[in-house]
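Here is how the chains run, residue by residue.
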There are 2 protein chains.
Amino acid sequence: MKVAILGFGTVGSGTAEMLTKNRALLKAHAGEEVEIKYIVDIRSFPDSPFADRIINDFSVVEKDDEISLVIEVIGGAKIAYDFTKRALLAGKSVVTSNKELVATHGVELLSIAKEKGCYYLFEAAVGGGIPVLSPIANDLSHNEILEVSGILNGTTNYILTRMFSSGASFEAALAEAQAKGYAEADPTADVEGHDAARKIAILGALASGKLVSADAIHTEGIRAIRAEDVKAAEKIGCSIKLLGRYLRTESGDMFLLVAPFLLPADSPLSGISDVYNGVLVRGNFVGDVMFYGRGAGSEPTASAVVADVDKIARKAAYRPAFTAAEDVPTEFSYFRARRYVVVEGADAAAIEIIFGETEPLASEENAFLTAEMSEKGFSERAKRLEACGGKIVSHIRLYR
Amino acid sequence: MKVAILGFGTVGSGTAEMLTKNRALLKAHAGEEVEIKYIVDIRSFPDSPFADRIINDFSVVEKDDEISLVIEVIGGAKIAYDFTKRALLAGKSVVTSNKELVATHGVELLSIAKEKGCYYLFEAAVGGGIPVLSPIANDLSHNEILEVSGILNGTTNYILTRMFSSGASFEAALAEAQAKGYAEADPTADVEGHDAARKIAILGALASGKLVSADAIHTEGIRAIRAEDVKAAEKIGCSIKLLGRYLRTESGDMFLLVAPFLLPADSPLSGISDVYNGVLVRGNFVGDVMFYGRGAGSEPTASAVVADVDKIARKAAYRPAFTAAEDVPTEFSYFRARRYVVVEGADAAAIEIIFGETEPLASEENAFLTAEMSEKGFSERAKRLEACGGKIVSHIRLYR
C-alpha cells in the first residue's frame with residue numbers, strides 16, 4: 001500500500017518516523033507493506049531522510065493511481081479541505097489529525113468517502129494518541145451513551161495543574177506554558193476553549209449521530225479562573241478542569257458545552273494532570289469508563305494517525321456515522337448544575353434572599369456553593385444581585 | 001441472529017437484560033436483530049421473564065442450526081470447556097466472560113474457531129466492562145507493546161483501598177469486603193492473586209502473541225500487607241496496588257508477574273480505588289495510555305459480553321491471535337525493581353553491609369527503600385540477613 005503524507009510538520013514527521021520504525025510490525029499484521037511514496041509540503045527538507053520523497057505539488061498525488069491512502073496533517077480548513085476533498089473524490093482514503101476540518105466539514109467528507117467506497121478516519125483529531133473514537137464507535141456503541149466528558153486540551157490542563165501546584169496566577173502559568181512550548185504565542189484557541197469545542201463536537205457526533213457546529217456550543221475558557229478560586233477548590237478537595245461535555249438527559253435533552261468545572265477528588269477525571277488528556281464515557285450498561293493518555297505531541301499523535309492507516313491496510317476500517325444537526329442542541333439556559341459563586345457588595349442576608357439556601361465556604365471572600373440551578377436561574381439571580389449593588393466575582397459549575 | 005446463553009447467573013441475566021433493553025440500538029447498527037432463543041441452565045427460573053426460553057439440555061443448542069452464536073457465562077474450565085468446544089465445532093461463534101477457560105484452553109479454542117470460520121471472543125474475561133482487549137488488538141497493535149500493567153481484581157483493590165482509608169488490617173478489610181458481597185466466602189482466588197494471574201496471562205498473550213500458563217506466572221497476593229506497610233506507603237506518598245504486569249525489556253526479555261507494588265501518586269494507576277479496575281498499556285509511540293472502569297458486576301460485564309456479540313452481528317469481529325508459549329517467560333529471578341523492605345534483628349551497620357546504600361524511612365520499624373536490584377540479588381541478601389540472625393518482615397516492590 002503506497003501512501004502520501006500532506007504536511008511535514010510535527011505530526012507529519014512523527015507519522016513518517018512511525019511508519020518507518022514499526023514497518024515490520026505493521027506488515028506482519030496488516031499483511032501488506034505500507035510505503036511512503038510522497039510527502040507534500042511547500043517547504044523543502046534537504047537534510048531529511050525522506051528528502052527524496054518530498055514534493056510540492058498535490059496534484060501529483062491526486063493523479064497517482066498507486067496512492068490509495070492520503071494522510072492529511074496540514075491543519076486548518078482551507079487548503080486541507082481542498083486536498084482532502086480531491087483525494088476522496090479520486091477514491092483515496094484519507095486519515096487525519098485535523099479537528100478543525102472534521103468539525104467543520106466532517107459530514108460532507110464522510111459522505112464523499114462512503115459514496116466513493118473509501119474511508120475518512122480521524123482518531124488523531126481527539127485526545128492525541130488515546131484510542132477514543134474507535135472504542136466509542138466499535139466497543140461501546142451498543143450502550144446508550146449518556147455522557148462523554150473530557151479533558152481535551154493539554155495546554156489548559158497544564159496551566160490549571162500549575163495554578164494548583166504552585167499557586168500561580170493564570171497569567172504566570174500561561175507564561176510558563178509558553179516558555180515550555182506547551183502554549184502558543186497566541187494561546188486564544190486553547191485558553192478560550194475553542195480547541196476543546198471542536199473536539200467535543202466530534203465526540204458528541206460519534207455519540208449521538210449528529211454533528212453540532214462548534215460555534216453553536218456554549219464555550220467558556222479558563223482566563224477568568226483566579227488564584228483565589230484555586231485556593232477555594234483545594235479547601236473543598238476539588239480540582240478545576242476545563243471540560244468538553246456531551247450530555248443526554250433521561251428526558252432526551254442533549255447538551256454540549258465547554259467550561260471549567262470543579263471536580264471532586266473521587267472523579268476519575270480529577271487526577272489527570274499536566275498535558276495529559278482523559279475522556280470519560282458513560283453508557284447505560286457499562287457505567288463510567290475512562291480513556292487516558294497523552295493528548296498531543298509528535299509520537300502519540302502519530303500513533304493515532306497510524307492506527308487509522310493500519311485499520312485501512314488490514315481492511316478493518318469503520319465508518320464514523322453522523323449527519324449535520326438540524327438545530328442547536330437543547331437551549332443551554334436549561335443546563336442544571338450546582339455552582340461555586342463569589343460575590344462582592346452583598347451581605348449574608350441579601351445572598352440568602354437571592355440565592356436561597358447556600359453552603360458558605362471558609363474563605364476571605366464571600367464564597368459559597370449553591371443548590372442545583374439552571375443557567376437561566378443563575379443569570380436571573382446575578383441580575384437581582386446587581387440591582388442590589390452587588391456583583392458576581394467568580395462562577396464555576398460543579399461536575400457531577 | 002438467534003443466540004443461546006449458557007448459564008443464567010449474574011452475568012447471564014445481565015446479558016439477557018442488555019440484549020432486551022438495548023435491542024433497538026443493537027438492531028439499528030448491526031442491521032440485524034439479536035434474539036435470545038435459549039437460556040441453558042441446570043436450574044429452572046419459573047418467575048423469570050425469560051422462563052419460556054430456559055432449557056436444561058445443551059445438545060438442543062448444539063443441534064439447532066438457527067443458533068449462530070453462543071454466550072458462555074458458566075465459568076470454570078470443565079463443563080464450559082465441553083460446551084464451548086462443541087459449539088465451535090458445530091460452527092457457532094462463542095462469546096465469553098470465562099477467564100479461566102481462556103487462560104487454560106484459549107489457544108485450542110481460538111484454533112477451532114479459525115478452522116470452522118467462526119469466532120471466539122472474550123472481552124468480558126478481563127477488566128469487566130472496560131474495553132481493553134479490543135483496543136489492544138485493534139487500536140494499539142501497530143505499536144510495539146512494551147508493558148501492560150493492570151489493577152485487574154476489584155476485590156483486592158477494595159481491600160487495599162479500605163486499608164488506606166481506614167487504617168484497617170488486611171483481615172478486617174477482607175471481612176468488610178465479604179460483608180458487602182465484594183469478596184467470596186473463600187477469597188483465595190482473589191487475595192492470593194490467581195484471578196489476576198489468569199487475566200494478565202490473557203493480556204500478555206494479546207500483547208506478545210504467546211499465551212503463558214497462569215501457573216507459570218510468579219504470583220503473590222496481598223495477605224502479607226500489614227497496616228504498618230500502609231502507613232509507611234502513605235508517608236512517602238504512595239499507594240499499594242495488586243498489579244498484574246507484562247513487561248518486555250529493551251533486550252527482548254519478557255516478564256509476567258502478579259504482586260503488590262508501591263505506586264507513586266503521579267502514576268495513573270495509583271488513584272484507582274474501590275472495586276474499579278485500570279489497565280495501563282505502554283507502546284513505543286503512543287507512550288502510556290490507560291483504560292479505566294468497573295471491573296466486575298452484572299451490567300458492566302454484560303456490556304463487554306454484548307460488545308463482542310455486537311461485533312459478530314455486524315461482521316466486525318477480530319481474531320485474537322496467540323499460540324502457546326513454548327517455555328516460561330524470562331526467569332523471574334532477573335526481574336529488577338527498587339524495594340521497600342522492613343527488617344528485624346539487624347542494626348544500621350548490618351543493613352548497610354548487606355543491602356548497600358539504602359533510603360531509610362521515618363518509621364517505628366526498621367524500614368528502608370533499596371536501590372534497584374534483581375529478585376536473585378534480593379533473595380541472596382535476605383539469606384545473608386538470616387545468617388546474621390535478622391529477618392525480612394515485609395517486602396514490596398516499587399512500580400516504575
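Residues numbered from 1 in each chain as written. Chains lettered and ligands numbered in written order. Predicted model: local features only at pLDDT ≥ 70, side-chain atom pairs only at ≥ 80, totals over all residues. Heavy atoms only, no water.

Within a sheet, neighbouring strands are paired by backbone hydrogen bonds and run either parallel or antiparallel to one another. Residues and elements named next belong to chain B. Pairing within the open sheet is parallel, and its 6 strands lie in the order β3-β2-β1-β4-β5-β6. Across the chains shown, the open sheet's two edge strands, defined by having one partner strand only, are β3 (54–55) and β6 (120–121). Where strand β1 (residues 2–6) and strand β2 (residues 35–40) come together, 5 bridges link them in parallel fashion. Along β2, the bridge assignment pairs lysine 2 with glutamate 35. Sitting on the sheet, helix α1 (residues 10–21) touches β1, β2 and β4 (67–72), and the angle it makes with β1 is about 155°. (Pairing = 2+ DSSP bridges. Helix = DSSP H or I, 4+ residues; strand = E, 2+ residues; numbered from the N terminus. Contact = heavy atoms within 4.5 Å. Axes fitted to C-alpha atoms, helices over the stretch in contact; angles between N-to-C directions.)

To continue, consider the interface of chain B and chain A. With 40 residues of chain B at the interface, the matching set in chain A holds 40 residues. Note on chain B versus chain A: buried area summed over both sides is about 3,300 Å², and carbon and sulfur give 57% of it. For chain B, the biggest contributors to the area lost against chain A are His142(B), Phe285(B) and Tyr292(B); these three give 26% of the whole. Remark: the boundary between chain B and chain A carries 2 salt bridges. (Buried area = accessible area lost by both parts, 1.4 Å probe. Salt bridge = Lys/Arg side-chain N within 4 Å of Asp/Glu carboxyl O.)

Residue and element names in this part refer to chain A. Under the criterion given, the structure shown has 23 aromatic pairs over all chains. Ring pairing ties together the aromatic residues Phe8, Phe45 and Phe50, which thus form one cluster. Lying across the ring of tyrosine 119, arginine 319 places its NZ or CZ 4.4 Å from the centre. (Phe/Tyr/Trp six-rings, centres within 6.5 Å; stacked < 30°, edge-to-face > 60°. Lys NZ or Arg CZ within 6 Å of the ring centre and 35° of its normal.)

What follows concerns the confidence of the model for chain A. In the predicted model, chain A carries a mean pLDDT of 96, and 100% of its residues have values of at least 70. Confidence metrics for the complex model read pTM 0.96 and ipTM 0.95. (pLDDT = per-residue confidence, 0-100.)

We now examine the packing of helix α5 (residues 99–116) of chain B against helix α10 (residues 194–208) of chain B. Residues and elements named next belong to chain B. Two elements in contact, α5 and α10, have axes separated by 9 Å at closest approach and are oriented at 55°. Here α5 lies oblique to α10, going by the angle between them. Note on packing geometry: the crossing formed by α5 with α10 is left-handed. Across the interface between the two elements, Lys99, Glu100, Val102 and Ala103 of α5 pack against Asp195, Arg198, Lys199 and Ile202 of α10. When the residues that make up the contact of α5 with α10 are grouped by side-chain class, the tally is 3 nonpolar, no polar and 5 charged. (Parallel < 35°, antiparallel > 145°, perpendicular 65-115°, else oblique. Left-handed = near helix turned anticlockwise from the far one by under 90°. Nonpolar A, V, L, I, M, F, W, Y, C, P; charged D, E, K, R; others polar.)

Residue and element names in this part refer to chain A. For helix α4 (residues 79–89), the complete set of buried residues consists of Ala80, Tyr81, Phe83, Thr84, Ala87 and Leu88. Tucked inside the fold, the buried residues of α4 contact β1 (2–6), α3 (58–63), β4 (67–72), β5 (93–96), α5 (99–116) and β6 (120–121). Directly beyond the C-terminal end of α4, a positive phi value near 80° is found at glycine 91. (Buried < 20%, exposed > 50% of the residue type's maximum accessible area, 1.4 Å probe, protein only.)

Quick look at the relation of the copies chain B and chain A now. Aligned on chain A, chain B shows an RMSD of 0.0 Å; the corresponding rotation is 180° and the shift along the axis is 0.0 Å. This pairing of chains is accounted for by a two-fold axis. Closest to the rotation axis within chain B is the C-alpha of Phe291(B), separated from it by 2.5 Å. When the interface residues of chain B are mapped onto chain A, 100% of them again fall at the interface, so both copies present the same face. (Least-squares fit on C-alpha atoms with pLDDT ≥ 70 in both.)

Residues and elements named next belong to chain A. Counting buried positions along β1 gives 4 out of 5 residues, so the element sits mostly inside the fold. As paired strands, β1 and β4 are joined by 5 bridges and run parallel to one another. Its bridge partner lying in β4, lysine 2 is registered against isoleucine 67.

Attention shifts here to the pattern of salt bridges. Note that side chains of opposite charge can pair when their charged atoms are close. Residue and element names in this part refer to chain A. Tallying each qualifying case throughout the model produces 55 salt bridges over all chains. Of the charged contacts, one joins arginine 223 and glutamate 192 as a salt bridge, the two residues approaching to 2.8 Å between their closest N and O atoms. Of this pair, arginine 223 sits in the loop between β9 (218–219) and α11 (227–235) while glutamate 192 sits in the loop between α9 (188–191) and α10 (194–208), and the two are 31 residues apart along the sequence. The exposure class of arginine 223 is partly exposed, given its relative accessible area of 39%.

Here the focus is unusual backbone geometry. In most cases, non-glycine residues show a negative phi, while peptide bonds are predominantly trans. A positive phi angle, close to 55°, is found at Asp274(A), a residue other than glycine. Tracing the chain through its elements places Asp274(A) in the loop between β11 (254–264) and β12 (276–283). For Lys315(B), which is not glycine, the phi torsion reads 55° and is therefore positive. Summarising the element assignment, Lys315(B) is placed in the loop between α12 (298–313) and β14 (323–324).

Moving on, we get to α5(A). Residues and elements named next belong to chain A. Taking 1.5 Å of rise per residue, 18 residues should cover 26 Å, yet α5 covers just 22 Å from first to last C-alpha, more than 12% shy of that figure. For α5, the full list of buried residues reads Leu101, Val102, Ala103, Gly106, Leu109, Leu110, Ile112 and Ala113. Summarising the contacts, the buried residues of α5 are in contact with β4, α4, β5, β6, α10 and β8 (210–211). Trailing α5 by a residue or two, glycine 117 shows a phi angle of about 70°, which is positive. (Expected span 1.5 Å × (residues − 1).)

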